[in-house]
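# Summary of structural features
Each chain, letter by letter, is given below.
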Amino acid sequence: MELSRRTVIAGAAAAGITAAATTGGTAHAKGGGPTKSLFGRLADGTKVYRWSLANGGTRMKVLSYGGIVQSLEIPDRRGRYANVSLGFDTIEEYVASSPYFGALIGRYGNRIDKGRFTLDGTTYQLSVNDGENSLHGGAQGFDKRIWDIEPFTHGTDVGLRLHYTSADGEMGYPGTLRTQVTYTLTRHGDWRIDYEATTDKPTVVNLTSHVYFNLAGESSGTIYDHELSIDASRYTPVDAGLIPTGELARVAGTPFDFRRAKTVSRDIRVAHQQLLYGQGLDHNWVLDKGITTRPGHAATLRDPSSGRTMRIATTEPGLQFYSGNFLDGTLVGTGGTVYRQGDGLCLETQHFPDSPNKPGFPSTVLRPGQTYRTTTVHSFSA
């Protein structure tokens, strides 16, 4: 989801940047694993690195800034590679104007009503960056932080362990949160994400990944012809501010019914109040499987033109499907083309938006002594 979905993020510009450095030494992980190169620098001189890794036919590039997946390449039915994730070529663009392209999201993915919640009798005021609401952790969320990255090779798997410690009070959230996110490419080419976090005070946590996918290739046009199925019989309707009302509504007979695969475009222009609120699809689906200890199937996305297919499995109870409604032609991507409405879509595995204020939703509270753990797996084929 983007900041306000109606404006391009500029809040990160306060961090400042200098001209991107595109050269520098390259460090190689042991055993032929991930490689590291200098991607750019922030205005204060902080170096931003890009890690490159490949396995099982999948290629990925990840930035230390925001844990951003800058590139994700997979082959089509003829073996031809394309980058299927939207992104930028320079750190300047990510800092100045990125609508969360490819980023790790925290402390809380999605929206919290008026940026406020009460936990154990104490009310906390968060950073407000989406009208009167808090979105994706606030104005300086995890997507705008430098992550420490450690490469690894384990058996036939290769990957990166990303670490970030969020101080007590950062963006208004209580507790020092120590976070580890592991990106793994398996020998089958699956991209697995394992999230872990601990805290020293009661807090709320909801981590996710914000890749914009276009399985035809990031510069190929819209995703409206992509075929999508979501294993969900219900979704969470929203108000005009895109905050869930608390209802778990049935998808049957609505544009939100993706229980059988259909094109993204089929019902996106139906005169339905929820589509008017989101200017398209920008909602949380309640997965039929619920919370699971092992990743269970959530959704399948297919591009008929290339044959590329992505299956998503997760331990999470929800999936935010955002159809790229507010890409407005002001951003130029890695392929050198302008991104317009519908040129990418997001499938964000998560707990539900505004859960801290909705007692009927699955809890997002994390307490000292507990470990937050969730897993999402993206499997590719053609």
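Residues numbered from 1 in each chain as written. Predicted model: local features only at pLDDT ≥ 70, side-chain atom pairs only at ≥ 80, totals over all residues. Heavy atoms only, no water.

Before going further, it helps to examine the sheet that holds strand β25 (residues 318-322). Here we have 5 strands laid out as an open sheet, ordered β20-β19-β22-β25-β28, and antiparallel in their pairing. A strand with exactly one partner marks an edge of an open sheet, and here the two such strands are β20 (249-250) and β28 (346-350). (Pairing = 2+ DSSP bridges. Helix = DSSP H or I, 4+ residues; strand = E, 2+ residues; numbered from the N terminus.)

One ladder, built from 2 bridges, connects strand β18 (residues 227-230) with strand β21 (residues 262-263); its direction is antiparallel. Bridge pairing in β21 places E227 opposite T263. In this sheet, strand β23 (residues 296-302) lies alongside β18 in antiparallel orientation, the contact comprising 4 bridges. Directly across from S229, in β23, lies its bridge partner T300.

Glycine aside, residues mostly have negative phi angles, and peptide bonds mostly take the trans form. Residue R107 follows G106 across a cis peptide bond; omega there is 0°. Within the secondary structure, R107 sits in the loop between β7 (103-105) and β8 (111-112). The backbone of Q279 shows a phi angle near 50°, a positive value even though the residue is not glycine. Turning to its location among the elements, Q279 is positioned in the loop between α2 (273-278) and β22 (282-287).

Reported here for the largest pocket is a volume of approximately 360 Å³. Every element with two or more residues in the lining of the largest pocket is listed here: β15 (191-199), β29 (365-366) and β30 (372-381). Looking at the lining of the largest pocket residue by residue, the classes come out as 7 nonpolar, 11 polar and 5 charged. Of the voids in this model, the second largest pocket is the one considered here, and its volume is about 180 Å³. A per-class count over the lining of the second largest pocket returns 6 nonpolar, 4 polar and 1 charged. (1 Å grid on protein atoms, 1.4 Å probe; cavity = no way out; pocket = protein on both sides within 12 Å on 5 of 7 lines; lining within 4 Å. Points joined across faces, edges and corners; volume = space filled by probe spheres on them. Nonpolar A, V, L, I, M, F, W, Y, C, P; charged D, E, K, R; others polar.)

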